[in-house]
Amino acid sequence: MYYRILPEEEGRKTPVIKNILYAMKLAYKADKRYLIWRIIGETSAIIFNQFILGVLFLKVLLSVIEKNADFKDYLQTLFLFVIVALVNEIIAVYGDYTSLVGSKRTYKTINNMIFEKAANADISCFENPEFYDKYQRAALILTNGYLDMFLWDLSQCIGSFISLIFVVGVVTTIDYRYLIFLLPVILVFIIEIIKSKVVYKRDLSMTKNNRVKSYVQRTVFLKDFSKDMRTSNIFSVLMKRFDRAINDNIRILRSYGIKLFLFSMVSSFFSELLPIAGTYALAGYQFAVAGTLGISGFSVVLSSINSVRQSTLNMAWVFSDLSQMALYFQNLRDFFDYENTVISGKRVAGEFESIEFKNVSFRYPSAEKYSLKNVNLKINKGETIAIVGINGAGKTTFVKLLLRFYDVTDGEILYNGINIKEYNLESLRSRFATVFQDCKTFALSVNENVICRECDEQDKKAAEKALLQSGVFDKIQSLPNKADTVLTREFDDKGAGLSGGEAQKTAVARMFARDFDIAVLDEPSSALDPIAEYKMYENLIRATKNKTVVYISHRLSSAVLSDIIYVLGNGTVLETGSHNELMKAGGEYNKMFSLQASSYKSKEGYNA
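**A few points about the overall build of the protein chain**
Broken down by element type, the protein chain carries 19 helices and 12 strands. In terms of overall dimensions, the protein chain is more spread out than a globule: its C-alpha atoms have a radius of gyration of 35 Å, far above the 25 Å expected for 608 residues. With the C-alpha coordinates aligned to their principal axes, the bounding extent of the protein chain is approximately 115 × 50 × 50 Å. With 608 residues in all, the protein chain has 46% of them scored as buried. Taking as baseline every contact in the protein chain between residues at least 6 positions apart, the subset at least 24 positions apart corresponds to 75%. Summed over its atoms, the accessible surface of the protein chain is roughly 31900 Å², and 58% of this surface lies on carbon and sulfur atoms. Of the side-chain charges in the protein chain, 73 are positive and 64 negative, and the distance between the mean point of each set is 3 Å.

**Overview of the packing of aromatic side chains**
Under the definition given, this model contains 13 aromatic pairs. Residues Phe 405 and Phe 436 carry aromatic rings whose centres are separated by 6.5 Å and whose planes lie at 35° to one another, so their mutual orientation is tilted. Highlighted residues: Phe 405 in the loop between helix H11 (395–402) and strand E6 (410–415) and Phe 436 in the loop between strand E8 (432–435) and helix H13 (446–451), separated in sequence by 31 residues. Assessed through its relative accessible area of 27%, Phe 436 is described here as partly exposed. Ring centres of Tyr 589 and Phe 593 lie 6.1 Å apart, and the angle between their planes is 25°; this geometry places the pair in the stacked category. Highlighted residues: Tyr 589 and Phe 593, both in helix H19 (residues 588–607), separated by four residues, approximately one helical turn. Look at Tyr 589 and you get buried, because its relative accessible area is 0%. One aromatic cluster in this structure is built from Phe 352, Tyr 415 and Tyr 423. In this arrangement the basic side chain of Arg 333 is found over the ring face of Tyr 22, its NZ or CZ atom lying 5.1 Å from the centre.

**Quick notes on a nonpolar patch on the surface**
Side chains of Tyr 94, Tyr 97, Leu 100 and Val 101 sit close together on the surface and give an oily, nonpolar patch of about 390 Å² of accessible area. Here Tyr 94 is to be found in helix H3 (residues 71–120).

**Comments concerning the sheet that holds strand E7 (residues 418–419)**
With respect to topology, four strands assemble into an open sheet ordered E4-E3-E6-E7, the strand pairing being antiparallel. The sheet is open, and its two borders are formed by strand E4 (372–380) and E7, each paired with just one other strand. Sheet topology places E6 next to E7; two bridges connect them, and they run antiparallel. When the bridges of E7 are listed, Tyr 415 appears paired with Ile 418. Where H11 meets the sheet, it contacts strand E3 (354–362), E4 and E6, and its direction lies at approximately 120° from that of E3.

**Brief notes about the sheet that holds strand E9 (residues 518–522)**
Strand order in this open sheet of six strands is E8-E9-E10-E5-E11-E12, and the pairing throughout is mixed. In this open sheet, the two edge strands, each paired with only one partner strand, are E8 and strand E12 (572–577). Across the sheet, the axes of successive neighbouring strands diverge by a mean angle of 15°, strand direction being ignored. Bridging between strand E11 (residues 564–569) and E12 involves five bridges; their strand directions are antiparallel. Bridging from a neighbouring strand, Gly 569 pairs with Thr 572 of E12.

**Looking at the packing of helix H14 (residues 457–470) against helix H16 (residues 500–512)**
The geometry of H14 relative to H16 is characterised by a closest axis approach of 8 Å and an angle of 125° between their N-to-C directions. In this view, H14 runs oblique relative to H16, as classed from their interaxial angle. Seen from above, H14 lies across H16 with right-handed handedness. Here Ala 466, Leu 467, Gln 469 and Ser 470 of H14 come into contact with H16, specifically with Lys 505, Val 508, Ala 509 and Phe 512. Here the residues of the contact of H14 with H16 sort into five nonpolar, two polar and one charged.

**Topic: the packing of helix H7 (residues 207–221) against helix H9 (residues 234–290)**
It is the contact of H7 with H9, at a shortest axis distance of 9 Å, that shows an interaxial angle of 150°. When the interaxial angle is binned, H7 and H9 end up roughly antiparallel. The element H7 and its partner H9 pack so that their crossing is left-handed. Residues Asn 209, Asn 210, Val 212, Lys 213, Tyr 215, Val 216, Gln 217, Thr 219 and Val 220 of H7 touch H9, and the partners they reach there are Phe 235, Leu 238, Arg 241, Phe 242, Ala 245, Ile 246, Asp 248, Asn 249 and Ile 252. For the contact of H7 with H9, a count of residues per class yields 10 nonpolar, five polar and three charged.

**Considering the pattern of salt bridges**
Under the criterion given, the structure shown has 11 salt bridges. With its nearest N and O atoms 3.9 Å apart, the salt bridge here joins Glu 42 to Arg 38. Of this pair, Glu 42 and Arg 38 both sit in helix H2 (residues 32–66), four residues apart, roughly one helical turn. Considered together, Glu 42 and Arg 38 belong to a single accessibility category, that of buried residues. Asp 517 is the partner of Arg 431 in a salt bridge, and the nearest nitrogen-oxygen pair spans 2.9 Å. With Arg 431 in the loop between helix H12 (425–429) and E8 and Asp 517 in the loop between H16 and E9, the pair connects residues that are 86 residues apart, well separated along the chain. On the accessibility criterion, Arg 431 (23% relative accessible area) is partly exposed. Looking at Asp 517, the relative accessible area reads 17%, which means it is buried. When salt bridges with common partners are traced through the structure, they connect Arg 38, Glu 42 and Asp 148 into a single cluster.

What counts and how
Residues numbered from 1 in each chain as written. Predicted model: local features only at pLDDT ≥ 70, side-chain atom pairs only at ≥ 80, totals over all residues. Heavy atoms only, no water. Helix = DSSP H or I, 4+ residues; strand = E, 2+ residues; numbered from the N terminus. Rg over C-alpha atoms; globule rule 2.2 N^0.38 Å. Buried < 20%, exposed > 50% of the residue type's maximum accessible area, 1.4 Å probe, protein only. Contact = heavy atoms within 4.5 Å. Areas by Shrake-Rupley, 256 points an atom, 1.4 Å probe, with all protein chains shown as cover. Lys, Arg positive; Asp, Glu negative; His and termini not counted. Charge placed at Lys NZ, Arg CZ, Asp CG, Glu CD. Phe/Tyr/Trp six-rings, centres within 6.5 Å; stacked < 30°, edge-to-face > 60°. Lys NZ or Arg CZ within 6 Å of the ring centre and 35° of its normal. Patch = residues over 30% accessible without salt bridge, like charges linked within 9 Å, V, L, I, M, F, W, Y side chains within 5 Å. Salt bridge = Lys/Arg side-chain N within 4 Å of Asp/Glu carboxyl O. Pairing = 2+ DSSP bridges. Axes fitted to C-alpha atoms, helices over the stretch in contact; angles between N-to-C directions. Parallel < 35°, antiparallel > 145°, perpendicular 65-115°, else oblique. Left-handed = near helix turned anticlockwise from the far one by under 90°. Nonpolar A, V, L, I, M, F, W, Y, C, P; charged D, E, K, R; others polar.

Here it is as structure tokens:
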């Protein structure tokens, strides 16, 4: 069985049965006891309620009464029923307990799988809205409880099928003609499956709107955006986007409403009206007119047909849900099956000697224009390099290629003379210490933010030294728990927040705490004032003595300290040389430096 789904995925078919088996395999892998006992518990309850209680016990009891059996036979029958009911209850209680524990374990396992996949995905994925849609749809399996719903539906389907077989057997022994009135119920399966396809398309068409809603809901509560919202009109803009997303969802729901209503009405007609009316008419005729059906047979037929109808209808509904769940599990499969385009090599990166860009050009996947074009430069061990240029010159792209977040479009990058594609990614990146302009602190202690793991006493001493070097130690000492303070108040009343400059210094401390060959600093002082910037560079020079340092900046204070400066513009290398050489050349660098120098002088005059 297959479904053709989204317009953007037109031409692709989704195997429903295969995805149901995939979901079962996933649940079994996460916690097989949870899967098995969930099925056993639900199946036992359905068979007991729909067959044993509703049909079998009634048939046996009425047979005992009709045969004028003594009270002892009645008690034996009742006692047997109590034993069966007790066994069913024990299974139900144990199944509930196993499910309670197993569901948490299963969710943890699958959640970890999703997190691990996301953490190892290409950086390009996080700049791609389509990937975010797939990620969100995959996460729906957990956040919307689809896994629990899937297992419940699966158990209901299995239990209802077994119960249906038993009940049909009983009805057939009375009069096989009653089965004729159950044939229309088969159409319910087809109708509900088609309906599930429509529901899935409806829900999927709301994915983008739901992502917008989620973004606004998240943004409103984040501290990072609180000041801007209170000092500008941006909140009203966000609310308009939020309202628009909701209104678009309402329009989508309305557009599908009539179609789904008609499906439900037709399904009810074939699942309830025809079976009940036909069965009651024939049973009434045989009992009241023809006299071919006794009281016990009449009662059992009506009870059995109702049970058959309920089982069949339940199977149709849950199979419809299973089909829909299978489509959502296809999203999870798509997410897990995503293959990185940046593939790790096998070679272990040795001690850094040089890195060279040879005729490197790069264009982002969705872009028409090249961000870098025919770039040639070489960085040797022990050199201090500055990559400078105005915003949009290609500096950030250079860093992404250097750390192999992306692979070049043309040309090659050589590490120690060998293409970086041949190196193991982890070993290659471990040679670098990086500080990014948009560096982040995490909701962990200061020590953990610096060392990047749970810290012992030796780690804490290393963190202290790094904090001193980055110039943020005094601030950290003023916090409630000093370097053990958690950098948020969201989870800890004694937590603390840092200013932009303090957070940037903490990120720099993260670099100081590492053993590295080459330091890459992407706008490391963007949030610092000139004095703090100067002190930070002084500490960097001392800490990176005999190390290789690459400064990426549009502020040229770092360039003066560098051995070689590469000036980028429009994705190409415009100039190369030392500070003095480039100033004498009177080119682009001279203009940029002179402009920034005059800006600093004017600020000093104003402050004076």
